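# Tertiary structure, described
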Amino acid sequence: AISLECVDLSDDGVKKFSEGIRHAPALQEISLVCRRISDVGMKDFSEAIRHAPALQNISIYCEKISDDVMKSFGDAIRHAPALQNISLRCREISDEGMKSFSEAIRHSPALPSISLQCREISDDGMKYFSEAIRHAPALQNISLNCEEQMS
């Protein structure tokens, strides 16, 4: 298991962290808690996840995740065959971000557990999420915590 907690993480720091993930094929759990991390850093992290075939649990806690990062993260999730749990907590995910995340869930038929905590998710974002979980036959646990649901 790897756990990294910080306030700010530079692109170079994320790159080094991601290189470590790429060279740990038996890694089963990653927790990244960082208030501010750039899109470049998050894309490096997402790409590294693709090289962790034994990864079972992933937790990401950050301030905001851009649409591009959610697309990269979604692509990474699709390439994680052993993934058992995704825990994602952030302040805001846009409709496009939720669409990318939801598509990844839809294409991860063995995923049994999702925890999503986000202060702001629109009705359209929730629509994408609800459609995806209908097509996730192994999904057993969903934890959804939204402080505000925006229309």
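Values in this document were obtained by computation on a predicted structure and should not be read as measured data.

The next thing to look at is the pattern of salt bridges. If you walk through the whole model with that rule in mind, you get seven salt bridges. When the shortest N-O distance is used, the salt bridge between Lys71 and Asp75 registers 3.8 Å. Of this pair, Lys71 and Asp75 both sit in helix 3 (residues 67–78), four residues apart, which is roughly one turn of the helix. Residue Arg91 is joined to Glu92 by a salt bridge in which the shortest nitrogen-to-oxygen separation is 3.4 Å. Shared partners join several salt bridges into a network, and the residues in it are Glu63, Arg91 and Glu92.

With that out of the way, let us pick up the packing of helix 2 (residues 39–49) against helix 3. Where helix 2 contacts helix 3, the axes come no closer than 8 Å and their chain directions differ by 5°. Put simply, helix 2 runs roughly parallel to helix 3. For the pair helix 2 and helix 3, the contacting residues are Asp39, Met42, Lys43, Ser46 and Ile49 in the first and Asp68, Val69, Ser72, Phe73 and Ala76 in the second.

Rules and cut-offs
Residues numbered from 1 in each chain as written. Predicted model: local features only at pLDDT ≥ 70, side-chain atom pairs only at ≥ 80, totals over all residues. Heavy atoms only, no water. Salt bridge = Lys/Arg side-chain N within 4 Å of Asp/Glu carboxyl O. Helix = DSSP H or I, 4+ residues; strand = E, 2+ residues; numbered from the N terminus. Axes fitted to C-alpha atoms, helices over the stretch in contact; angles between N-to-C directions. Parallel < 35°, antiparallel > 145°, perpendicular 65-115°, else oblique. Contact = heavy atoms within 4.5 Å.

Taken by themselves, the reported measurements are silent on function.
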